Amino acid sequence: MKSNLTASDIDAIAPLNFMLQRHVLSDAQFERICQFIYQRAGIVLAKNKREMVYNRLVRRLRVLGLNNFGQYLSILEQDIHSNEWELFINALTTNLTAFFRETHHFPILATHASRKNGGTYRVWSAAASTGEEPYSIAMTLCDALGHRSNRLKIIGSDIDTSVLEKARQGVYRLEELQSLSETQKKKYFFKGVGLFEGHARVRPLLAELVNFQHLNLLDSDWALDGKFDAIFCRNVMIYFDKKTQERILRRFINVLKPDGLLFAGHSENVTQISREFYLQGHTVYGVSRARRGHE
């Protein structure tokens with residue numbers, strides 16, 4: 001039977017076939033990807049993450065017009081400074097976040113800040129993602145400190161540059177603000193109208209308290225100025241092996257004030273990793289007295 005397809009029809013079908021093509025991710029290629037993300041970000045990928053890795057990285061193959069994962073890995077290996085490394089890391093990092101996630105932490109933070117007299121109260125959100133956590137910290141401290149909130153400094157960092165861009169924009173769907181009180185919504189957000197209906201944007205009084213920066217916890221230089229009263233590093237350690245966890249916790253001590261607090265995720269037990277911290281509340285840790293004696 002003679003085909004009725006024209007040359008233009010074939011040209012239109014070709015990109016669709018490419019999009020639908022199932023590429024092969026070999027065992028060796030998956031192992032190399034695991035090595036790359038561990039070396040660059042400290043993330044340990046289990047074998048059951050293979051499908052996730054495929055789904056996330058196959059998008060990069062399509063964008064770049066590559067035929068297989070071997071070609072993609074060659075691009076990474078040929079230039080250790082390639083911009084593709086940033087996109088590779090962005091693709092494989094997991095960014096699950098929400099406003100006031102693990103709500104029990106925020107009253108503890110508010111009490112800790114309220115007891116401080118004088119000076120700037122400094123907080124580091126070490127996995128800021130799209131901004132919900134550092135903005136939740138900012139709202140908590142503004143409500144707790146009132147007129148003293150001009151003495152706040154909050155750093156929000158992340159290894160993923162794409163989520164940091166969204167965090168800086170500070171625009172969220174209204175349903176993402178469901179955990180906020182009506183007072184908080186009105187005080188800290190502009191409600192979108194017209195083309196922006198269904199969205200809200202962080203008000204300047206909140207945005208000005210948070211500085212976002214790209215930071216890889218594996219980097220030798222964190223480029224952080226001064227020490228912090230509190231560090232939020234929640235649901236991050238679970239992606240690292242024990243050696244990396246120990247190294248990061250040791251470095252946290254160097255940037256945490258002697259009476260500072262470390263907030264961890266619900267499934268992370270810091271005292272099982274480091275004896276230099278002690279449990280001060282539910283997944284809230286302080287620097288051990290013995291370690292404080294070295295300060």
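Above this note sits the structure.
What counts and what doesn't
- Residues numbered from 1 in each chain as written.
- Predicted model: local features only at pLDDT ≥ 70, side-chain atom pairs only at ≥ 80, totals over all residues.
- Heavy atoms only, no water.
- Salt bridge = Lys/Arg side-chain N within 4 Å of Asp/Glu carboxyl O.
- Pairing = 2+ DSSP bridges.
- Helix = DSSP H or I, 4+ residues; strand = E, 2+ residues; numbered from the N terminus.
- Axes fitted to C-alpha atoms, helices over the stretch in contact; angles between N-to-C directions.
- Contact = heavy atoms within 4.5 Å.
- Phe/Tyr/Trp six-rings, centres within 6.5 Å; stacked < 30°, edge-to-face > 60°.
- Buried < 20%, exposed > 50% of the residue type's maximum accessible area, 1.4 Å probe, protein only.
- Lys NZ or Arg CZ within 6 Å of the ring centre and 35° of its normal.
- Expected span 1.5 Å × (residues − 1).
- Arc of directions from axis to C-beta.
- Core = buried A, V, L, I, M, F, W, Y, C linked by side-chain atoms within 4.5 Å.
- Left-handed = near helix turned anticlockwise from the far one by under 90°.
- Nonpolar A, V, L, I, M, F, W, Y, C, P; charged D, E, K, R; others polar.
- Polar contact = N/O pair within 3.5 Å; in protein donor to acceptor, adjacent residues only side chain to side chain.

> An account of the pattern of salt bridges is needed here, citing residue identities and associated values.
If charged atoms from side chains of opposite charge come close, those side chains can pair. Enumeration according to the criterion identifies 11 salt bridges in this entry. Here Glu-175 and Arg-173 are joined by a salt bridge, their closest N and O atoms 3.2 Å apart. Salt bridges linked by common partners bring Lys-116, Asp-229, Lys-257 and Asp-259 together as one network.

> Explain the sheet that holds strand E6 (residues 210–214) residue by residue, including any values.
What holds strands together in a sheet is hydrogen bonding between their backbones, with the strands either parallel or antiparallel. Taken in spatial order, the seven strands of this open sheet run E6-E2-E1-E7-E8-E10-E9, and their pairing is mixed. A single partner strand is all that each edge strand has here, and the edge strands are E6 and strand E9 (277–281). For this sheet, the mean angle separating the axes of adjacent strands, direction not counted, is 25 degrees. Helix H6 (residues 105–114) rests against strand E1 (121–125), strand E7 (228–232), strand E8 (256–263) and strand E10 (284–287) of the sheet, and its axis sits at about 165 degrees to E8. Across the sheet, helix H8 (residues 161–169) is in contact with strand E2 (152–158) and E6; its angle to E6 comes to roughly 165 degrees.

> Before we move on, could you go through the packing of aromatic side chains and cite the residues and values that matter?
Per the counting criterion, the structure on display carries 15 aromatic pairs. Aromatic pair Phe-36 and Trp-85: ring centres 5.3 Å apart, planes at 70 degrees, arrangement edge-to-face. Of this pair, Phe-36 sits in helix H2 (residues 27–41) while Trp-85 sits in helix H5 (residues 84–92); the two residues are 49 residues apart in sequence, bridging distant segments of the chain. When the ring of Trp-124 is compared with that of Phe-252, the centres are 5.6 Å apart and the planes differ by 90 degrees; the resulting orientation is edge-to-face. Residue Trp-124 is located in strand E1, and its partner Phe-252 is located in helix H11 (residues 242–255); the two are separated by 128 residues in the primary sequence. We classify Trp-124 as buried; its relative accessible area is 0%. Aromatic ring contacts, followed pair by pair, group Phe-99, Tyr-135, Tyr-172, Phe-189 and Phe-212 into a single cluster. One cation-aromatic arrangement involves Arg-122 over Phe-228; the distance from NZ or CZ to the ring centre is 4.4 Å.

> Just give me the short version of H2, but keep the residues and values in it.
An ideal rise of 1.5 Å per residue puts 21 Å on 15 residues; H2 measures up with 21 Å between its terminal C-alpha atoms. Regarding H2, the residues found buried are Gln-29, Phe-30, Ile-33, Cys-34, Phe-36, Ile-37 and Ala-41. The arc that holds the buried residues of H2, viewed along the axis, is 165 degrees, so those residues lie on one side. Residues Asp-27, Ala-28 and Gln-39 are exposed on H2 and point more than 90 degrees away from its buried face. On the buried face of H2, the contacting elements are helix H3 (50–64), helix H4 (69–78) and H5. Backbone geometry just after H2 places Gly-42 at a positive phi near 75 degrees.

> Quick rundown of the pairing of E7? Include the residues and the values.
The buried fraction of E7 is high, at five of five residues. Pairing between E1 and E7: three bridges, direction parallel. Among the inter-strand pairings, Ser-125 is bridged to a residue of E7, identified as Phe-232.

> Kindly report on the nonpolar core, identifying the contributing residues and their values.
Inside soluble globular proteins, nonpolar side chains tend to come together where they are buried. Core analysis: the largest hydrophobic core is formed by 52 residues, its most contacted members being Phe-88, Trp-124, Leu-217, Phe-252 and Phe-277. Excluding residues within four positions of it along the chain, Phe-252 makes contact with Trp-124, Leu-217, Trp-222, Ile-231, Cys-233, Met-237, Leu-262 and Phe-277. In terms of nonpolar packing, the next biggest core, distinct from the first, is built from 35 residues, Phe-99, Ala-128, Ile-154 and Leu-180 among them.

> Kindly report on the packing of H3 against H5, identifying the contributing residues and their values.
The contact between H3 and H5 brings their axes to 9 Å, and the two run at 145 degrees. For the pair H3 and H5, the crossing hand works out as right-handed. Facing H3, whose interface residues are Val-53, Arg-56, Leu-57, Arg-60 and Leu-64, H5 presents Glu-84, Leu-87, Phe-88, Ala-91 and Leu-92. For the contact of H3 with H5, the class distribution of residues is seven nonpolar, no polar and three charged.

> Just give me the short version of the environment of His-214, but keep the residues and values in it.
In this fold, His-214 is placed in strand E6. In this structure, the C-alpha to C-alpha distance between His-214 and Leu-249, residues 35 residues apart in sequence, is 19 Å. Among residues more than four places away in sequence, those in contact with His-214 are Asp-158, Ile-159, Thr-161, Leu-164 and Arg-168. Only 3.0 Å separates the side chain of His-214 from the backbone oxygen of Ile-159, close enough to count as a polar contact.

Keep in mind these numbers describe shape, not what the thing actually does.
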